[in-house]
Amino acid sequence: MRDATATRRVAAVTGETPVARAVLIAVAVTFLGIVLIFPIIVVFVEAFRNGFAAFLAAFDDPDARAAIRLTLMVAAIAVPLNLVFGLAASWAIAKFDFRGKNILITLIDLPFSVSPVVSGLVYVLLFGAQGLLGPWLKAHGIQIIFALPGIVLATIFVTFPFVARELIPLMQEQGSGEEEAALSLGAGGLRTFLTITLPNVRWGLLYGVLLCNARAMGEFGAVAVVSGHIRGVTTTMPLHVEILYNEYNFVAAFAVASLLALLALVTLAAKSYLEWRYGGAIASAIPRR
Amino acid sequence: MDIRIVDIAKDFGGTGALRGVSLDIRDGELIALLGPSGSGKTTLLRVIAGLEIPSAGQVLFANEDATNLPVQHRRIGFVFQHYALFRHMTVFDNIAYGLRVRPRAEQPSRQEIGQRVEALLDLVQLPGIEKRYPAHLSGGQRQRVALARALAVEPRVLLLDEPLGALDAKVRKDLRRWLRELHDRTGHTTVFVTHDQDEALELADRVAILNEGRVEQIGTPDEVYDTPASPFVMAFVGDTTSMPIELRDGQATFAGKRLMADIIGSVEGQTQLYLRPGDAVLVKPDPDDLAGTVLGVRRTATGRRVHVRLDPTATEIEIEAAASRNVSVGEAVGVRILKGRVFSAA
């Protein structure tokens, strides 16, 4: 109730005319339509241009199946690792004071500000045949670049901030009062983490993981640099789409692309559903003072 | 349980530091740590709890060194200022938490836990709210649930950080009385932190007054109010006003005029006289009394607080007058000092 009156008062103060409001809404909707909605529709239209059978045929291709498998595998490795890292980093940042905390916070944001191509290139320079550690790796028969480990590393790097960025503000807001209460009641550290800390951030964590997963499956730039584009071996779904497109195989390209777009839509839908279904629980996860 | 705090120091490089605090807490007593913000009172409470590790000194629980005992093993009950109830758990689960995290061998059965939670909710006068979540409770209810949760583990000492600080005035008064009754009934050794002198004086058996990381005085409410050990204590536990005087062989003078007041404490030479507003009275202007001019009058619950500038200096003091006395601003009045207190510079 209080929120409603507050909004109304704000609206009265800002007081734009109905015309201005209509124009603003029209601009926003048009912009969204051109930049977001229309392209997504095109993806699906192109995918089904030659009918449903042609659409399905795109997934009969063993290379396409290999790309889907690889993408799933990369996500299955990168996302859990980033979940663990994100939890650890945000726990450390939110609940403890230490030297270099601000540097760590900045570092977590680094992947957002660095071009994905650079992110990939770093690993090539480190682990590639001519790279720093290249000769040593070769001598020990370890293949990182142009293989699964490189793709996973590049993906982890790029999706690094998602979980941590979601959790840090939440954990900072919540403080360590409940953890201290649990400890004072006799609970050990691990028990406190599992019964207090984790449940309190579960929705934020789920958001972070969903976004991290969507990005991990969709990453192109960084992965393109380290993958080497070996068809059916090191091409992930986004790379496969590019290859098909460059071969003028538009229907197949858009069919695989539509699968990626679908993934994005499902992620958004899941996020919205969670917000709607557990809105109260999420809101109550933020302390009221 | 007796608690002895010996020369505790804690340095954060900020406010709330402790600089050598010693305090004996007796078994079963209700003791208040009173002080302004930044005085270190909350830090001291957290040191007792084991939530802060002191940089020097010792904490003894029943004559056993507990300085390095982790908080989980101290068997204390801590009620946090903002209660820190587990927001994702029901009231039942909150209160049962401390029982459920016990090692399996010491864990009560499901049935025992249920009975215990029920008994505690009765004790804090909130029966029937087991299934509610903290977000759906009022401030006073949360406070009492937090207390029940702390009591569930049968603590050896109960530590309360500003237990009534986040509540509004009316609820506060009720809970204050209730808290005292609860203490008398359960007999827990209890330490609570407050910045509210009324709360400390009304609730506690003894009050420890902290200032800038040191204990200024420890005593019963009567002792700290009636025989304050320092100007700080005198000013902090009650209204205090002061004026410069000269003291020679027990004879006080103000601006050359002799004072007929009882002076407690002995100092030679220039010093500051501290008095309660009730320790001076307004009289008709008279050559034998001090002369002053009324600068302002405020109505209080019990009378009038008159702000007077003493001639011929610029000294201003506050005097309590009866509500029936009509005083107007600018009026020339006589002031008679009945008693006051001087402190030798420490």
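Given the structure is predicted, the values throughout are model-derived calculations rather than measurements. (Residues numbered from 1 in each chain as written. Chains lettered and ligands numbered in written order. Predicted model: local features only at pLDDT ≥ 70, side-chain atom pairs only at ≥ 80, totals over all residues. Heavy atoms only, no water.)

### Examining the overall build of chain A
Next, step 1: Scanning chain A from terminus to terminus reveals 16 helices and 0 strands.
Next, step 2: In terms of overall dimensions, chain A has C-alpha extents of about 60 × 60 × 30 Å along its principal axes.
Next, step 3: Within chain A, buried positions represent 38% of all 289 residues.
Next, step 4: Considering only residue pairs separated by 6 or more positions, chain A has 72% of its internal contacts joining residues 24 or more positions apart.
Next, step 5: Element-wise, carbon and sulfur atoms account for 71% of the exposed surface of chain A, whose accessible area totals about 16,000 Å². (Helix = DSSP H or I, 4+ residues; strand = E, 2+ residues; numbered from the N terminus. Buried < 20%, exposed > 50% of the residue type's maximum accessible area, 1.4 Å probe, protein only. Contact = heavy atoms within 4.5 Å. Areas by Shrake-Rupley, 256 points an atom, 1.4 Å probe, with all protein chains shown as cover.)

### Looking at the overall build of chain B
Next, step 1: Scanning chain B for helices and strands turns up 8 helices and 21 strands.
Next, step 2: Each principal axis of the C-alpha distribution contributes one length, and for chain B these read about 80 × 45 × 35 Å.
Next, step 3: For chain B, restricting intrachain contacts to residue pairs at least 6 apart in sequence, the fraction spanning at least 24 positions comes to 65%.
Next, step 4: Treating the 43 positive side-chain charges of chain B as one cloud and the 46 negative ones as another, the clouds have centres 5 Å apart. (Lys, Arg positive; Asp, Glu negative; His and termini not counted. Charge placed at Lys NZ, Arg CZ, Asp CG, Glu CD.)

### Overview of a nonpolar patch on the surface
Residue and element names in this part refer to chain A.
Next, step 1: On the surface, a cluster of nonpolar side chains totalling about 770 Å² of accessible area is made up of F31, L32, I34, V35, L36, I37, I41 and V45.
Next, step 2: Structurally, F31 can be placed in helix α2 (residues 18-47).
Next, step 3: Judged by its relative accessible area of 56%, F31 is exposed. (Patch = residues over 30% accessible without salt bridge, like charges linked within 9 Å, V, L, I, M, F, W, Y side chains within 5 Å. Salt bridge = Lys/Arg side-chain N within 4 Å of Asp/Glu carboxyl O.)

### Quick word on the interface of chain A and chain B
Next, step 1: Across the boundary between the two partners, chain A contributes 26 residues, which contact 23 residues of chain B.
Next, step 2: Counting each side, the surface lost to burial between chain A and chain B is near 2,000 Å², with a carbon and sulfur contribution of 55%.
Next, step 3: Of all residues in chain A, the largest losses of buried area upon contact with chain B belong to E178(A), S184(A) and L185(A), amounting jointly to 32% of the total for that side.
Next, step 4: Seen at the junction of chain A and chain B, the total is 2 salt bridges.
Next, step 5: Across the salt bridge formed by E178(A) and R87(B), the nearest N and O atoms sit 2.7 Å from each other.
Next, step 6: For the interface between chain A and chain B, the tally reads 6 residue pairs in polar contact (both at pLDDT 80 or more).
Next, step 7: Among the secondary structure elements, those contributing two or more residues to the side of chain A that touches chain B are α10 (177-184) and α11 (189-200) of chain A.
Next, step 8: Each residue belonging to the side of chain A that touches chain B can be placed in one class, and the counts come to 10 nonpolar, 10 polar and 6 charged. (Buried area = accessible area lost by both parts, 1.4 Å probe. Polar contact = N/O pair within 3.5 Å; in protein donor to acceptor, adjacent residues only side chain to side chain. Nonpolar A, V, L, I, M, F, W, Y, C, P; charged D, E, K, R; others polar.)

### Topic: the domain arrangement of chain A
Residues and elements named next belong to chain A.
Next, step 1: In terms of domain boundaries, chain A breaks down into domain 1 (1-47) and domain 2 (59-283).
Next, step 2: Counting residues at the interface gives 4 residues for domain 1 and 8 residues for domain 2.
Next, step 3: In total, domain 1 and domain 2 occlude about 570 Å² of area from one another, counting both sides; carbon and sulfur atoms represent 86% of this.
Next, step 4: At the surface where domain 1 touches domain 2, the tally comes to 0 salt bridges.
Next, step 5: If you look at where domain 1 meets domain 2, you find 0 residue pairs in polar contact (both at pLDDT 80 or more).
Next, step 6: Along the lines of polarity and charge, the residues of the side of domain 1 that touches domain 2 split into 3 nonpolar, no polar and 1 charged. (Domains from an automatic or database assignment.)

### Some remarks on the side chain of R206(B)
Residues and elements named next belong to chain B.
Next, step 1: In this fold, R206 is placed in strand β9 (residues 206-211).
Next, step 2: By relative accessible area, which is 11% here, R206 ends up buried.
Next, step 3: Those residues in contact with R206, other than ones at most four positions away along the chain, are D24, I25, R26, E29, L30, I31, A32, I218, G219 and T220.

### Observations regarding the pattern of salt bridges
Next, step 1: Counted according to the given criterion, the structure contains 31 salt bridges over all chains.
Next, step 2: The salt bridge partner of E180(A) is R46(B), with a shortest N-O separation of 2.5 Å. Here the residue E180(A) occupies a position in helix α10, and R46(B) occupies one in helix α1 (residues 41-49), the pair thus bridging two chains. No difference in accessibility class separates E180(A) from R46(B), as the two residues are buried.
Next, step 3: Between E202(B) and R176(B) there is a salt bridge, with the nearest N and O atoms lying 2.8 Å from each other. Placement of the pair is E202(B) in helix α6 (residues 197-203) and R176(B) in helix α5 (residues 169-186), with a sequence separation of 26 residues.
Next, step 4: Judged by relative accessible area, which is 45%, E202(B) ranks as partly exposed.
Next, step 5: Taking the relative accessible area as the measure of exposure, R176(B) reaches 6% and is therefore buried.
Next, step 6: Within this structure, R172(B), R176(B), D196(B), E199(B) and E202(B) form a network of salt bridges that share partners.

### Description of the nonpolar core
It is characteristic of soluble globular proteins that their nonpolar side chains tend to be buried jointly.
Next, step 1: Grouped together as the largest cluster of nonpolar side chains are 44 residues, with contacts concentrated most on I95(B), L121(B), V145(B) and L147(B).
Next, step 2: At 7 residues, the largest contribution of residues to this core is made by helix α4 (residues 139-152) of chain B.
Next, step 3: Dropping the residues within four chain positions of it, V145(B) is found in contact with L85(B), V91(B), I95(B), L126(B), I129(B) and L137(B).
Next, step 4: If you look at the next biggest cluster of nonpolar residues, it comprises 40 residues, including I196(A), I8(B), L18(B) and V21(B). (Core = buried A, V, L, I, M, F, W, Y, C linked by side-chain atoms within 4.5 Å.)

### Some remarks on the sheet that holds strand β5 (residues 64-65) of chain B
Residue and element names in this part refer to chain B.
Next, step 1: Read from one edge to the other, the open sheet built from 4 strands follows the order β2-β1-β4-β5, with strand pairing classed as antiparallel. Lying at the two open borders of the sheet, with one neighbouring strand each, are β2 (18-25) and β5.
Next, step 2: In terms of strand pairing, strand β4 (residues 56-61) meets β5 through 2 bridges, oriented antiparallel. By the bridge assignment for β5, F61 is matched with E64.
Next, step 3: Packed on one face of the sheet, α1 meets β1 (3-10), β2 and β4 and runs near 60 degrees to β2. (Pairing = 2+ DSSP bridges. Axes fitted to C-alpha atoms, helices over the stretch in contact; angles between N-to-C directions.)

### Quick notes on the packing of aromatic side chains
Next, step 1: Throughout the structure, instances matching the rule amount to 16 aromatic pairs over all chains.
Next, step 2: Aromatic side chains Y245(A) and F250(A) sit 5.2 Å apart centroid to centroid with 55 degrees between the ring planes, which places their arrangement in the tilted category.
Next, step 3: Summarising the aromatic geometry, the rings of Y274(B) and F343(B) are spaced 5.6 Å apart at their centres and angled 65 degrees between planes, so their arrangement reads as edge-to-face. Taken together, the residues Y274(B) in strand β15 (residues 269-275) and F343(B) in the segment after β21 (339-341) connect sequence positions 69 residues apart. (Phe/Tyr/Trp six-rings, centres within 6.5 Å; stacked < 30°, edge-to-face > 60°.)

### Looking at the packing of helix α4 (residues 62-95) of chain A against helix α12 (residues 202-218) of chain A
All names here are of chain A.
Next, step 1: It is the contact of α4 with α12, at a shortest axis distance of 9 Å, that shows an interaxial angle of 145 degrees. For α4 against α12, the interelement crossing comes out right-handed. Of α12, the residues touching α4 (which contributes T71, L72, A75, V79, N82, L83 and L87) are L205, V209, C212, N213, A216 and M217.
Next, step 2: Taken together, the residues of the contact of α4 with α12 sort by class into 10 nonpolar, 3 polar and no charged. (Left-handed = near helix turned anticlockwise from the far one by under 90°.)

### Considering the confidence of the model for chain B
Next, step 1: Of all residues in chain B, 100% attain a pLDDT of 70 or more, and the chain-wide mean is 90.
Next, step 2: Taken over the whole predicted complex, pTM reads 0.80, whereas the ipTM for its chain interfaces reads 0.84. (pLDDT = per-residue confidence, 0-100.)

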